[in-house]
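What follows is the residue order along each chain.
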Amino acid sequence: MNTVEIGDKFESKSLDIIKKMIEEEQLGHLTEHIKIFRKKEYYSSLRKKNIKFDLTIEVWPPGANRYVLLYIIECKDYDKRVPVSKIEDFHSKILQVAGVNVKGVFISNSPLQEGGFNIAESTGMMVIEAESSEDYKIILHRKSRQTESNTLPFITDTHDKSIIDTGVEHIERLIDKKILSSFQIISSDNRISFGIDKLSKEAIEKLSKNELEKIDSKIFTHAYTLSTKKLTEYLKSEYKVSICDVNEASILGSCDFNNNSIGLNTSIRNTNRELFILAHEFGHYTLHQRLSIGQTLYNTFNDSELNFKTGKHDLNNPKQWIEWQANYFATSLVLPKAQFLAHLWKCQDKLNKSRGIIFLDDQYQNIKDFNEITKRMAYLFNVSKTSIIYRLKEMELINNQSRLKSIGKIIEDYKKELFI
């Protein structure tokens, strides 16, 4: 198979995935309002001829003489980074034929040159790109809650909300959701990893231990705990990382590779949130310097949802893997296993309880003991009780026999302070 055939196969298969997912989702009463075309031509008055696009989706409200929403999707195979000119050309073609309310999607199994990605982001174009052997810098944000809208952006200057009613908005959400879902399938199907190493817990723990040894060896020899001050000073001296303030309410922390900085929201300074979030951003700094996923695409992926049966977060997309890695790095840094167990035993000794596994059922005294242990451990390590409960569960130190609450439900009760 030659390179042209390989490229055609990638492009055709990717477009087929999107087309199929949208067609399968359509309900009978929506089918007539969603029209999907392969290789349809649209007239350009500037060129005085038609321009052909790989895949277009038109949304027609009842009785309309023209579509009010248009998706234009291009899928291309390149053997090197996508040139800036290709993104500029795609954007120019969109503007020549588009009219209002257009969403442009560019898919490639090679990453974009930085200038091309910047153009795509500033013009409202959605990009899905493959992994790269080169660095591609983005800013990773630590959100305080799930704020993703699960929608694709409109091409700048084409948005006219006045002609989109609630019926069209419903169709828009349906199509956006399916296109975003199809990205995950395309990525998986073509082994696109965005530069994310699927590190094991053991590998992450080893990396965090190496950092802790350099921060303060007494953390291991004397079971000292890590403080925000120690970590901040270490980041500044060892990595020349500057710690800056973030004032956007929805962002608890950020890691900016370009500026070699970590941002922390002013609202969490001097609270039990600060240390873990700082460690989380240090996790990004350590593990994710070589990511090749663009910020716009990264933001479209959902945060992981807690699986109540397992008490864990499912990992189904790049964002979830990235955030899990940063979380586990922070857990290993702030709550190293040996030190965590040593302090748990001390806490149990003070409460005249047996060392080791905590027994939890629906009896008042056992619930009270569990709450007291998690409270004391959270205070000692300067983290949230949720962080302590997660670590206890992950280390298999809870024997939960409660008929009323699973560990997942207990964690959900602490959702407002969820930082692992």
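Bear in mind that the values here come from a model prediction, so they are computed numbers and not experimental data.

Right, let's get into the packing of helix α11 (residues 337-350) against helix α12 (residues 364-381). At their nearest, the axes of α11 and α12 sit 10 Å apart, and the two run at 130° to each other. With respect to their mutual orientation, α11 and α12 come out oblique. Where α11 crosses over α12, the two elements pack in a sense that is right-handed. In this structure, α11 uses Gln339, Phe340, His343, Leu344, Cys347, Gln348 and Lys350 to contact α12, whose residues at the interface are Ile373, Arg376, Met377, Leu380 and Phe381. Across the contact of α11 with α12, the residue classes break down as seven nonpolar, three polar and two charged.

Considering every residue of the protein, the mean pLDDT works out to 81; 79% of them sit at 70 or more. In this model residues 1-7 is a low-confidence stretch, pLDDT under 50, and it forms four contacts with partners more than four residues away in sequence or in other chains.

It is worth spelling out unusual backbone geometry at this point. Backbone geometry at Lys39 places phi at a positive 60°, although glycine is not the residue there. Here Lys39 is to be found in the loop between β1 (34-38) and β2 (41-44). On the accessibility criterion, Lys39 (43% relative accessible area) is partly exposed. Unusually for a residue other than glycine, Asn260 sits at a positive phi of about 50°. By the element assignment, Asn260 lies in the loop between β10 (251-256) and β11 (261-265).

This part covers the sheet that holds β1. Strands sit in the order β1-β4-β5-β6-β7 across an open sheet of five strands; the sheet is mixed. In the strand order of this sheet, the two ends are held by β1 and β7 (126-128), each with one partner. Neighbour to neighbour, the strand axes of the sheet diverge by 15° on average, direction disregarded. Across five bridges, the pairing between β1 and strand β4 (residues 55-59) is antiparallel. Within β4, the position partnered with Phe37 by the bridge is Thr56.

Let us now look at the side chain of Asn101. With respect to the element layout, Asn101 can be found in the loop between α2 (84-97) and β6 (102-108). A relative accessible area of 0% means that Asn101 is categorised as buried. A polar contact is formed between the side chain of Asn101 and the backbone nitrogen of Asp160, at a distance of 2.7 Å. With residues up to four places along the chain from it excluded, the contact list for Asn101 reads Val68, Leu69, Leu70, Phe154, Thr158, His159, Asp160, Lys161, Ile163 and Ile164.

What follows covers the packing of aromatic side chains. With the rule as written, the count across this model stands at twelve aromatic pairs. Geometrically, the ring pair formed by Phe282 and Phe329 is edge-to-face, given 5.4 Å between the ring centres and 90° between the ring planes. With a gap of 47 residues between them, Phe282 in helix α8 (residues 274-287) and Phe329 in helix α10 (residues 318-334) connect regions that are remote in the sequence. Taking relative accessible area as the criterion, Phe282 reaches 0% and is therefore assigned buried. Ring-pair connections join several aromatic residues into one group, and the members of that group are Tyr234, Tyr239, Phe282, Tyr285 and Phe329. Cation over ring: Lys35 sits above Trp60, and NZ or CZ is 4.1 Å from the ring centre. Sitting over the face of the ring of Tyr67, Arg66 holds its NZ or CZ atom 4.6 Å from the ring centroid.

Moving on, we come to helix α7 (residues 228-239). In this model, α7 (twelve residues) spans 16 Å end to end at C-alpha, consistent with the 16 Å of a helix rising 1.5 Å per residue. Among the residues of α7, Thr228, Leu231, Thr232, Tyr234 and Leu235 are the ones counted as buried. Buried residues along α7 cover an arc of 160° about the axis, so they all sit on one side. For α7, the secondary structure elements touched by its buried residues are α5 (201-215), β9 (242-246), β11, α8 and α10. Trailing α7 by a residue or two, Lys240 shows a phi angle of about 60°, which is positive.

What follows deals with α8. Along an α-helix, residues three or four apart share an orientation, since each turn contains 3.6 residues. The terminal C-alpha atoms of α8, which comprises 14 residues, lie 20 Å apart, in line with the 20 Å expected from a rise of 1.5 Å per residue. Buried residues dominate α8, accounting for 13 of its 14 residues.

With that settled, the discussion passes to the pattern of salt bridges. Per the stated rule, a full pass over the model turns up 23 salt bridges. Taking the shortest distance from any N to any O, the salt bridge between Glu172 and Lys103 comes out at 2.6 Å. Of this pair, Glu172 sits in helix α4 (residues 166-189) while Lys103 sits in strand β6, placing them 69 residues apart in sequence. Taking the relative accessible area as the measure of exposure, Glu172 reaches 11% and is therefore buried. Beyond isolated ion pairs, a larger network of salt bridges with shared partners links Lys201, Glu205, Lys337, Arg391 and Glu394.

On a regular strand, each side chain points to the face opposite its neighbour's, so the side chains alternate between the two faces of the sheet. Burial along β2 is one-sided: the residues Tyr42 and Ser44 are buried and none of Glu41 and Tyr43 is. Bridging between β2 and strand β3 (residues 49-52) involves four bridges; their strand directions are antiparallel. Among the inter-strand pairings, Tyr43 is bridged to a residue of β3, identified as Asn50. Linking β2 back to β3 in an antiparallel pair, the connection comprises four residues, with Lys48 at a positive phi of about 60°.

What counts and how
Residues numbered from 1 in each chain as written. Predicted model: local features only at pLDDT ≥ 70, side-chain atom pairs only at ≥ 80, totals over all residues. Heavy atoms only, no water. Axes fitted to C-alpha atoms, helices over the stretch in contact; angles between N-to-C directions. Helix = DSSP H or I, 4+ residues; strand = E, 2+ residues; numbered from the N terminus. Parallel < 35°, antiparallel > 145°, perpendicular 65-115°, else oblique. Left-handed = near helix turned anticlockwise from the far one by under 90°. Contact = heavy atoms within 4.5 Å. Nonpolar A, V, L, I, M, F, W, Y, C, P; charged D, E, K, R; others polar. pLDDT = per-residue confidence, 0-100. Buried < 20%, exposed > 50% of the residue type's maximum accessible area, 1.4 Å probe, protein only. Pairing = 2+ DSSP bridges. Polar contact = N/O pair within 3.5 Å; in protein donor to acceptor, adjacent residues only side chain to side chain. Phe/Tyr/Trp six-rings, centres within 6.5 Å; stacked < 30°, edge-to-face > 60°. Lys NZ or Arg CZ within 6 Å of the ring centre and 35° of its normal. Expected span 1.5 Å × (residues − 1). Arc of directions from axis to C-beta. Salt bridge = Lys/Arg side-chain N within 4 Å of Asp/Glu carboxyl O.

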